[in-house]
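Single-letter residue listing:
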Amino acid sequence: MPQFETNVQELKYKVLKEVAKSYYAGNLQKDFYKIPKIVVPGPKPTMRCCIYHERAIVEERIRLAMGGDPEVDNVIEVIKIACDECPLGGYEVTNRCRGCIAHRCEKACHRSAIHFDARTRAAYIDKDLCVNCGMCAKACQYGAIQNNIRPCVQACKVKAIKMDDDDAALIDDVKCVQCGACVSQCPFGAIMDKSFMLQAIDLLRAPEHNAENPVYAIVAPAIASQFHDVTLGKVISGIKALGFDEVYEAASGADMVADNEAKELAEKGFLTSSCCPTFASYIKKNYPQFKDNISHNLSPMATIAKWLKEHNPSCKIAFIGPCIAKKKEIQDPRVAPYVDVVLTFEELQALFDAREIELSSLDEEELKHASYFGRVFGRAGGLCEAVKQALAEQGSSFELKPYAADGLDNCRTALIKAKSPTRDFNFIEGMGCVGGCIGGPCALEHEFRNKGDIDKYGKEAKEPTISSAISSLNSK
């Protein structure tokens, strides 16, 4: 079992693994309303008030591992009964308050929400009057007033999370861009992404699955920053050991995207990338004036999947990566015909262990059609490099002036600057996660979140140019 960053991630993995084992063994029906008796190994139930509460939460985790509530359109769901430990939030006076006589906090409050305890002289805030403006906290010289923001609310850059009548987190689907930051930041694992792992197993075990009707896996370039205990070649072998007939690189699709993106940019003069579904959704929901500037290219995942289905219409395709938003992307009518299911790296690890596949004992498999430029799409700035290279290979005179933005805060800054008539860039590479795809919410390891892993993977590419990589793939 890998070393997980948090106990929440480990618990999620254990549920996924046990659900997969039960499904492979034929002891599980894909029915949201029928929860099987699955024992999830782990610590004694001391994390909650009682074992009954603990069991009820595990049942909800099992539901999500089986695909979640079919009535909920979002690929992210809140486990309400697990969302009960965070403070309500807002500004509160801490025990640092010295009961001073200056009362700067009181003077700063324009709502008369600050009062004082007659016995202790300490300040307290009337929540019925407070509007969380924060002026009292700025005024306090002791730093005694703090804003208790829930981790999920703090993580969400699009303000899509609010509280329901029971003070549990509630996701506003209209605002949500499926970045998954709330999933990775919730310290109680009360917000999780739905797993479609069972659909992937169905594809692999389908009676019609054979050499004429293969099931292909497409791996995101970010896979090079994962599974550090073994080589990438052994991970690819492990994916085939699960039953996939062939493994392709999304980086090959990235080569195609870079080639087409360069042409579209030279034609239109200003463009934003379309590779990251979170970024594209962010533009449409928050900066609709740039909707027509989003590249018309499909993402690398969808581009290589389309190529595969054009060459073999009877194939089935699973994408494997660190991204939750990809689970939503394949519901897009432009993408749905090409990608059948999305798995995360967390789910891939669970499948390896459910099938007792020991990666270290496997032979090496080689990925060989993508270029360096397609592979570096996995980290921030990689797309800009690739578009620059594609323009050079095309002999274009168009001068690329890129703005690489990773994380929604930086994406927002880029789009605000883009509104200025004096903007000094003509292409925005937008990545919803900090660091790019290697910072995805369902990555197994984030401590390796640096471009070195991806650059090393890129330098191992057999194809020296984008055009040669595309030619190599087409000659396959």
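Our subject is the structure that appears above.
Described below are features of the structure shown in this document.

Rules used throughout
- Residues numbered from 1 in each chain as written.
- Predicted model: local features only at pLDDT ≥ 70, side-chain atom pairs only at ≥ 80, totals over all residues.
- Heavy atoms only, no water.
- 1 Å grid on protein atoms, 1.4 Å probe; cavity = no way out; pocket = protein on both sides within 12 Å on 5 of 7 lines; lining within 4 Å.
- Points joined across faces, edges and corners; volume = space filled by probe spheres on them.
- Helix = DSSP H or I, 4+ residues; strand = E, 2+ residues; numbered from the N terminus.
- Nonpolar A, V, L, I, M, F, W, Y, C, P; charged D, E, K, R; others polar.
- Core = buried A, V, L, I, M, F, W, Y, C linked by side-chain atoms within 4.5 Å.
- Buried < 20%, exposed > 50% of the residue type's maximum accessible area, 1.4 Å probe, protein only.
- Contact = heavy atoms within 4.5 Å.
- Axes fitted to C-alpha atoms, helices over the stretch in contact; angles between N-to-C directions.
- Parallel < 35°, antiparallel > 145°, perpendicular 65-115°, else oblique.
- Polar contact = N/O pair within 3.5 Å; in protein donor to acceptor, adjacent residues only side chain to side chain.
- Disulfide = S-S within 2.5 Å.
- Patch = residues over 30% accessible without salt bridge, like charges linked within 9 Å, V, L, I, M, F, W, Y side chains within 5 Å.
- Areas by Shrake-Rupley, 256 points an atom, 1.4 Å probe, with all protein chains shown as cover.
- Salt bridge = Lys/Arg side-chain N within 4 Å of Asp/Glu carboxyl O.
- Lys, Arg positive; Asp, Glu negative; His and termini not counted.
- Charge placed at Lys NZ, Arg CZ, Asp CG, Glu CD.
- Phe/Tyr/Trp six-rings, centres within 6.5 Å; stacked < 30°, edge-to-face > 60°.
- Lys NZ or Arg CZ within 6 Å of the ring centre and 35° of its normal.
- Pairing = 2+ DSSP bridges.

1. Some thoughts on empty space enclosed by the protein
Tallied over the entire structure, the rule returns four cavities of 30 Å³ or more. Roughly 310 Å³ of internal volume is contained in the largest cavity. In this structure, the largest cavity is lined by 24 residues; those nearest its centre are C275, C276, K326, M431 and C437. Contributing elements (two or more residues each) for the lining of the largest cavity: α9 (250-268), α10 (277-286) and α11 (300-311). Taken together, the residues that form the lining of the largest cavity break down as 18 nonpolar, five polar and one charged.

2. Comments concerning the layout of surface pockets
Of the volumes computed, that of the largest pocket is approximately 620 Å³. Lining the largest pocket are 33 residues, and of these G180, A181, S184, Q185 and P441 lie nearest its centre. Breaking the lining of the largest pocket down by element, the ones donating at least two residues are α1 (7-24), α6 (181-185), β8 (191-193) and α16 (408-418). By residue number, the principal contributor to the lining of the largest pocket is α6, which donates four residues. Split into classes, the residues belonging to the lining of the largest pocket amount to 13 nonpolar, twelve polar and eight charged.

3. Comments concerning the nonpolar core
Across soluble globular proteins, nonpolar side chains show a tendency to be buried alongside one another. Formed by 138 residues in total, the largest nonpolar core has its most connected members in V19, I191, I218, F227, I239, V339 and F352. When sequence neighbours within four positions are dropped, the list of residues in contact with V339 reads M301, A302, A305, I317, F319 and I330. Formed by 13 residues, the second largest nonpolar core is a distinct cluster that contains C97, C105, C109 and I114.

4. Overview of the packing of α9 against helix α15 (residues 382-393)
Two quantities define a packed helix pair, namely the angle between the axes and the distance from one axis to the other. The interhelical angle for the contact between α9 and α15, taken along N-to-C directions, is 75 degrees, at an axis separation of 8 Å. One finds that α9 runs roughly perpendicular with respect to α15. Packed against α9, whose contacting residues are A258, D259, E261, A262, L265 and A266, the element α15 presents L383, A386, V387, A390 and L391 at the interface. Here the residues of the contact of α9 with α15 are counted per class, giving nine nonpolar, no polar and two charged.

5. Some thoughts on the side chain of N426
Relative to the helices and strands, N426 resides in the loop between α16 and β15 (427-431). At a separation of 3.0 Å, a polar atom in the side chain of N426 contacts the main-chain carbonyl oxygen of E399. In this view, N426 contacts L265, G269, F270, L271, F398, E399, L400 and K401; residues no more than four positions away in its chain are not counted.

6. Section: the state of the cysteines
Evaluated as defined, the whole model comprises zero disulfides. Residue C105 stays outside any disulfide, its sulfur separated by 6.4 Å from that of C140, the closest cysteine. Taking relative accessible area as the criterion, C105 reaches 11% and is therefore assigned buried.

7. Digging into a positive patch on the surface
Taken together, the side chains of K284, K291, K306 and R334 define a basic patch exposed on the protein surface. With respect to the helices and strands, K284 occurs in helix α10. With relative accessibility at 46%, the residue K284 sits in the partly exposed group.

8. Points about the environment of L351
Tracing the sequence through the fold places L351 in helix α13 (residues 345-354). Look at L351 and you get buried, because its relative accessible area is 3%. Along the primary structure L351 and L16 are separated by 335 residues, whereas in three dimensions their C-alpha atoms are 8.0 Å apart. For L351, the contacting residues outside a window of four places in its chain are A20, Y24, M197, I201, L242 and L343.

9. What to know about the packing of aromatic side chains
The geometry of two aromatic rings is summed up by the distance between their centres and the angle between their planes. Under the counting rule described, the total for this entry stands at eight aromatic pairs. For the ring pair Y372 and F373, a centre distance of 5.2 Å and an interplane angle of 90 degrees mean the geometry is edge-to-face. Chaining the aromatic ring pairs together yields one cluster made of F227, F345 and F352. Its guanidinium or amino end placed over the ring of F270, R423 lies 3.8 Å from that ring's centre, counting from NZ or CZ.

10. Comments concerning the sheet that holds strand β10 (residues 246-249)
Strand order across the open sheet formed by four strands is β10-β9-β12-β13, with parallel pairing between neighbours. Strands at the two margins of the open sheet, each flanked by one partner only, are β10 and β13 (341-344). Neighbour-to-neighbour, the strand axes of this sheet turn through a mean angle of 30 degrees, independent of strand direction. Pairing geometry for strand β9 (residues 215-219) and strand β12 (residues 316-321), over five bridges, is parallel. By the bridge assignment, A217 is partnered in β12 with A318. On the sheet, helix α7 (residues 197-205) packs against β9, β12 and β13 and is oriented at approximately 120 degrees with respect to β13.

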